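What the coordinates show
One letter stands for each residue in the lines below.
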Amino acid sequence: MRFSVADIPVQAWKNGGGSTRELVCHRAGDTAEGAMLWRVSLATIEQDGVFSRFPGMARIHCIVAGAGLRLTGADLQLEAKPLQPLHFDGGLDLMAGLNDGGCTAFNLIYDPRKISAEIQILSQGTHPLPADAVVLFVLSGQADGTVFQRLSTGEGYHGALGPEVTLSDGGQAVLLRLRDIP
């Protein structure tokens, strides 16, 4: 399934510190009432503040625009740096402090009891795609695949991605891999 950020509504955060666009959400039983197994979103973080908690879930947070942020808790400090996926417990009480102005993050929230997950950043060139790759999101340039037609900046594809993807000169994309835990 093809998607574009331009077509996804912005959801303002309750604390006023930013907004989110939910790119893909997969629930148990594929129903709106089922428990969330995983969700991919693009978050715009505009000011320092409380970081959302998701008890029982794991997170991978990857800054895709801006200088990043610091996440601090009781005895913990994490650095979210550009294009470096950061894995952490979604239930932690954290405060976010922006490094140098606002930033945008590609976020995966998932149930670690049922899913294992990995995010990779791909750069220009041709890349083989593993069978467990389920989301490709273009950060810059264009992506061409055998299963999907050309994707441009801000567009993505969810589903079986095919054997390979080619990114244009200067192109970058986020690749999400998910595996069910038996």
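Structure first, text after, so check above.
A few points on the structure. Quick caveat, the model's predicted, so the values are computed rather than measured.

Reading the values: rules and limits
Residues numbered from 1 in each chain as written. Predicted model: local features only at pLDDT ≥ 70, side-chain atom pairs only at ≥ 80, totals over all residues. Heavy atoms only, no water. Helix = DSSP H or I, 4+ residues; strand = E, 2+ residues; numbered from the N terminus. Rg over C-alpha atoms; globule rule 2.2 N^0.38 Å. Buried < 20%, exposed > 50% of the residue type's maximum accessible area, 1.4 Å probe, protein only. Contact = heavy atoms within 4.5 Å. 1 Å grid on protein atoms, 1.4 Å probe; cavity = no way out; pocket = protein on both sides within 12 Å on 5 of 7 lines; lining within 4 Å. Points joined across faces, edges and corners; volume = space filled by probe spheres on them. Nonpolar A, V, L, I, M, F, W, Y, C, P; charged D, E, K, R; others polar.

Let's talk about the overall build of the protein
Counting its secondary structure elements, the protein contains zero helices and 17 strands. A compact globule built from 182 residues would reach a C-alpha radius of gyration of about 16 Å, and the protein, at 16 Å, matches this within 12%. Summarising its shape, the C-alpha atoms of the protein cover approximately 45 × 40 × 30 Å along the three principal directions. Across the 182 residues that make up the protein, the buried fraction comes to 45%. Within the protein, contacts between residues separated by at least 24 positions form 66% of all contacts whose residues are at least 6 apart in sequence.

Remarks on the layout of surface pockets
Rolled over the atoms, a probe with the dimensions of a water molecule shows which regions are left empty. Here the largest pocket defines a volume of roughly 360 Å³. What lines the largest pocket is a set of 23 residues, among which Trp13, Thr20, Ser52, Phe54 and Arg59 lie closest to the centre. Where the lining of the largest pocket is concerned, the elements lending two or more residues are strand S2 (11-12), strand S4 (36-45), strand S5 (49-51), strand S6 (58-65) and strand S11 (103-110). When residues in the lining of the largest pocket are grouped by element, the largest group, four residues, is from S4. Residue composition of the lining of the largest pocket, by class: nine nonpolar, ten polar and four charged.

A closer look at the environment of Cys25
In this fold, Cys25 is placed in strand S3 (residues 18-27). The exposure class of Cys25 is partly exposed, given its relative accessible area of 28%. Along the backbone, Cys25 and Ser41 are 16 residues apart, and their C-alpha atoms lie at a distance of 8.5 Å.

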